Amino acid sequence: MNKDRNAFDRYMDEIDRPDLLTDDEERQLAQRIQLGDSRAIDRLTKANLTYVVSLARQYTNRGLAFEDLVSEGNIGMLRAATKYTADSGKRFVAFAAPYIREAMEDAVRQQGGLYRVPRNAEDVALENKRRHALSIDQPIGGSAELSLGRVIPDRDAPIPNEAVERAGLMEELRSLVARLDERDQRVVGSLYGLGGSPKTMAETARDMGIKRERVRQIRDKAIRRIGKMTKNSSLKDYLRG
């Protein structure tokens, strides 16, 4: 228990002061990753550990321990990091979110116990990490510095660094809004501050030269379309808020 508590304390100390990356830094790391630089993978993933924690909270009470969800989510993030490229067109959290969610959802469906190997596993290296119960300090994801002990969160603690989660939501929203027509993009972008500070419906209507009610109609229709394009319940809740 003391060993677990010490590992948890070290983890919380680290993610309480996340070293967030800029767009340029992420692109540079992506270039290094494609050249086989494992340290770039560590740098990219460690900067986003809190995002995995925030997503794991959405999958609690589904039969899998919270720390296991975080561990699986980190494996999903590591997989995403190996595929992330400088020309992906989005921030890493937005790119990695589907991989992280898929890893957690697969674990919920397939794992009756810690690290059960699912049938027809395609990625032997990653599935071998699930086959054996990891010790609290054993490295995961090929990183000597990334261990299960460093990704065990406090179930009762508030979500660490909510700004990271919001940044991920906004990045995903931008990518989805880009698939709308120009008028819908302007309305959603204005109301949700995609190009600056959010504006009211009245301000948006004035800027676009249309009635406020028309702005509301366009917004509602755009939100319905976005809702069909994403499975991210947090993003849907944010748009409905």
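The present account deals with the structure reproduced in this document. No experiment lies behind these values; they were computed from the predicted model shown. (Residues numbered from 1 in each chain as written. Predicted model: local features only at pLDDT ≥ 70, side-chain atom pairs only at ≥ 80, totals over all residues. Heavy atoms only, no water.)

**Considerations on the packing of aromatic side chains**
Aromatic ring pairs are described here by two measures, namely the spacing of the ring centres and the angle between the planes.
Link 1 in the chain: For the coordinates displayed, the defined rule picks out 3 aromatic pairs.
Link 2 in the chain: Relative to Phe-92, the ring of Tyr-84 has its centre 5.2 Å away and its plane inclined at 65 degrees; by these criteria the two rings are edge-to-face. Accessibility classification places Tyr-84 together with Phe-92 in one group, the buried group.
Link 3 in the chain: Through a chain of ring-to-ring contacts, three or more aromatic side chains come together here, namely Tyr-84, Phe-92, Phe-95 and Tyr-99. (Phe/Tyr/Trp six-rings, centres within 6.5 Å; stacked < 30°, edge-to-face > 60°. Buried < 20%, exposed > 50% of the residue type's maximum accessible area, 1.4 Å probe, protein only.)

**Digging into the packing of helix H5 (residues 66–83) against helix H6 (residues 92–110)**
Link 1 in the chain: It is at 7 Å that the axes of H5 and H6 come closest, and there the two elements cross at 135 degrees. In terms of their interaxial angle, H5 and H6 are classed as oblique. The element H5 and its partner H6 pack so that their crossing is right-handed. Where H5 approaches H6, its residues Leu-69, Glu-72, Gly-73, Gly-76, Met-77, Arg-79, Ala-80, Ala-81 and Lys-83 are matched on the opposing element by Phe-92, Phe-95, Ala-96, Tyr-99, Ile-100, Ala-103, Met-104, Ala-107 and Val-108.
Link 2 in the chain: Residues belonging to the contact of H5 with H6 are distributed by class as follows: 13 nonpolar, 2 polar and 3 charged. (Axes fitted to C-alpha atoms, helices over the stretch in contact; angles between N-to-C directions. Helix = DSSP H or I, 4+ residues; strand = E, 2+ residues; numbered from the N terminus. Parallel < 35°, antiparallel > 145°, perpendicular 65-115°, else oblique. Left-handed = near helix turned anticlockwise from the far one by under 90°. Contact = heavy atoms within 4.5 Å. Nonpolar A, V, L, I, M, F, W, Y, C, P; charged D, E, K, R; others polar.)

**So, the pattern of salt bridges**
Link 1 in the chain: Going through the model one piece at a time under the given rule, you end up with 11 salt bridges.
Link 2 in the chain: Note that Arg-216 is salt-bridged to Asp-220, the shortest N-O span being 2.7 Å. One end of the pair, Arg-216, and the other, Asp-220, are both in helix H11 (residues 212–229), 4 residues apart, so they sit about a helical turn from each other.
Link 3 in the chain: Among the charged side chains, a salt-bridge network with shared partners connects Glu-213, Arg-216, Arg-219 and Asp-220. (Salt bridge = Lys/Arg side-chain N within 4 Å of Asp/Glu carboxyl O.)

**A closer look at H11**
Link 1 in the chain: Taking 1.5 Å per residue, 18 residues should reach 26 Å; H11 reaches 26 Å between its end C-alpha atoms and fits that length.
Link 2 in the chain: All of the buried residues along H11 are Val-215, Ile-218, Ala-222, Ile-223 and Ile-226. Along H11, the residues classed as buried sweep out an arc of 135 degrees about the axis, all on the same side. Turned more than 90 degrees from where H11 packs its buried face, Arg-224 and Lys-228 sit exposed. (Expected span 1.5 Å × (residues − 1). Arc of directions from axis to C-beta.)

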